[in-house]
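Spelled out from the first residue to the last, the chains are:
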Amino acid sequence: MTRTPLIAGNWKMHKTIAEAEAFIQALLPRVAAARSDVAICPPFTALGAMVDSARGSGVHVYAQNVHEAGSGAFTGEVSPPMLVELDVHGAIVGHSERRQLFGETDRALQAKVPALLDAGLVPILCVGETEEEREAEQTQRKLRQQVREALAKVDDARLADVVIAYEPIWAIGTGKVATPEQAQDAIAFVRALVNDRSRAAGDAVRVLYGGSVKPDNAAELLALPDVDGALVGGASLDAESFAAIVAAA
Ligand code: 13P
């Protein structure tokens, strides 16, 4: 089974449209020969501009969140059809910052993941344990719960269309990257959870690593057998360092 690696940059709440434009103009020539899939995840306000600027380049544009409903009385939210209209490729869901700071639940993800797939969008589902959970040897329990719950309403035939990002919370924005063994073990475990649902889907599903990925540690992580790419935060804000991570894939 060959899985095309995906390097995705999660900008979080960074970059105005003007800053995003400067970034994409610097990025495109640097990733023109990339053999992996490349994606950026700008804030909602810059999505349309980035789709236009990246058109024809092979760089995909993802949102950082989505609501599960098509429309409704949900002040401040954005729906899958609204992303489709912009020609956005998919959306991150379940990022630990959304879970911790904005109350996103496994139950909400159970609706968001199929809603994205039904709209023709690619979900990047984030999962990962806290430092306390790792120290208490609860990592597998946490991953099992998050993966099973979020994928519960996805048909077996669509499971491989989901991208899963394993992001240990203690590694996000801390500079404290998972060891290759920790990343490989957790990501193989996530893949095995999908295998439990469907052998073929488990073999095909892409599982990314996220958490303090930088140009100098990317190659080692991306060479691990079950790691199919990276979800990059801080290092994705600079075109040169993001392109260096793409090159490492
Ligand atoms: P950092 O790469 O800044 O640790 O962020 C990781 C992340 O949260 C990507 O979604």
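Please refer to the structure higher up on the page.
Definitions and cut-offs
Residues numbered from 1 in each chain as written. Predicted model: local features only at pLDDT ≥ 70, side-chain atom pairs only at ≥ 80, totals over all residues. Heavy atoms only, no water. Axes fitted to C-alpha atoms, helices over the stretch in contact; angles between N-to-C directions. Helix = DSSP H or I, 4+ residues; strand = E, 2+ residues; numbered from the N terminus. Parallel < 35°, antiparallel > 145°, perpendicular 65-115°, else oblique. Left-handed = near helix turned anticlockwise from the far one by under 90°. Contact = heavy atoms within 4.5 Å. Nonpolar A, V, L, I, M, F, W, Y, C, P; charged D, E, K, R; others polar. Near = heavy atom within 4 Å. Polar contact = N/O pair within 3.5 Å; in protein donor to acceptor, adjacent residues only side chain to side chain. Areas by Shrake-Rupley, 256 points an atom, 1.4 Å probe, with all protein chains shown as cover. Buried < 20%, exposed > 50% of the residue type's maximum accessible area, 1.4 Å probe, protein only. Phe/Tyr/Trp six-rings, centres within 6.5 Å; stacked < 30°, edge-to-face > 60°.

## Re the packing of helix H7 (residues 139–151) against helix H8 (residues 180–197)
- Interhelical geometry of H7 versus H8 gives an angle of 40° and a closest axis separation of 10 Å. Taken together, the axis directions place H7 and H8 in an arrangement best described as oblique. Considering the relative orientation of H7 and H8, their crossing is right-handed. Between H7 and H8, the contacting residues are Gln-140, Leu-143, Arg-144, Val-147, Arg-148 and Leu-151 on the first element and Ala-186, Phe-189, Val-190, Leu-193, Val-194, Asp-196 and Arg-197 on the second.
- Partitioning the contact of H7 with H8 into residue classes produces eight nonpolar, one polar and four charged.

## Regarding the site of the ligand
- With respect to spatial proximity, 13 residues lie near the ligand, and among them Lys-12, His-95, Gly-173, Ser-212 and Gly-234 are the closest.
- The contact in question runs from an oxygen atom of the ligand to an N or O atom on the side chain of His-95, over 2.8 Å.
- One of the backbone nitrogen or oxygen atoms of Gly-234 is found 2.8 Å away from an oxygen atom of the ligand.
- Burial of the ligand by the protein chains amounts to 96% of its free accessible area of 310 Å².
- Within the shell around the ligand, the residues separate by chemical class into four nonpolar, seven polar and two charged.

## A look at helix H2 (residues 44–54)
- H2 sits mainly inside the fold: eight of its 11 residues count as buried.
- Of the residues making up H2, those classed as buried are Ala-46, Leu-47, Gly-48, Ala-49, Met-50, Val-51, Ser-53 and Ala-54.
- Residues of H2 that are buried in the fold lie against helix H1 (17–31), strand E2 (37–41), strand E3 (59–63) and helix H3 (80–85).
- Note on H2: the residue one or two positions beyond its end, Gly-56, has a positive phi of about 85°.

## Some points on the packing of aromatic side chains
- Tallying each qualifying case throughout the model produces three aromatic pairs.
- With 6.5 Å between their ring centres and 40° between their planes, Phe-23 and Phe-242 make a pair best called tilted. Taken together, the residues span a long stretch of sequence, with Phe-23 in helix H1 and Phe-242 in helix H11 (residues 239–248) at a distance of 219 residues. Residues Phe-23 and Phe-242 agree in their burial class; the two are buried.
- Aromatic side chains Tyr-166 and Tyr-209 sit 6.4 Å apart centroid to centroid with 55° between the ring planes, which places their arrangement in the tilted category. Highlighted residues: Tyr-166 in strand E6 (residues 163–166) and Tyr-209 in strand E7 (residues 206–210), separated in sequence by 43 residues.
- Since its relative accessible area comes to 0%, Tyr-166 is described here as buried.
- The exposure class assigned to Tyr-209 is buried, which follows from its relative accessible area of 1%.
- Counting every residue linked through ring pairs, the aromatic cluster contains Trp-11, Phe-23 and Phe-242.

That's the geometry; what it means functionally is another story.
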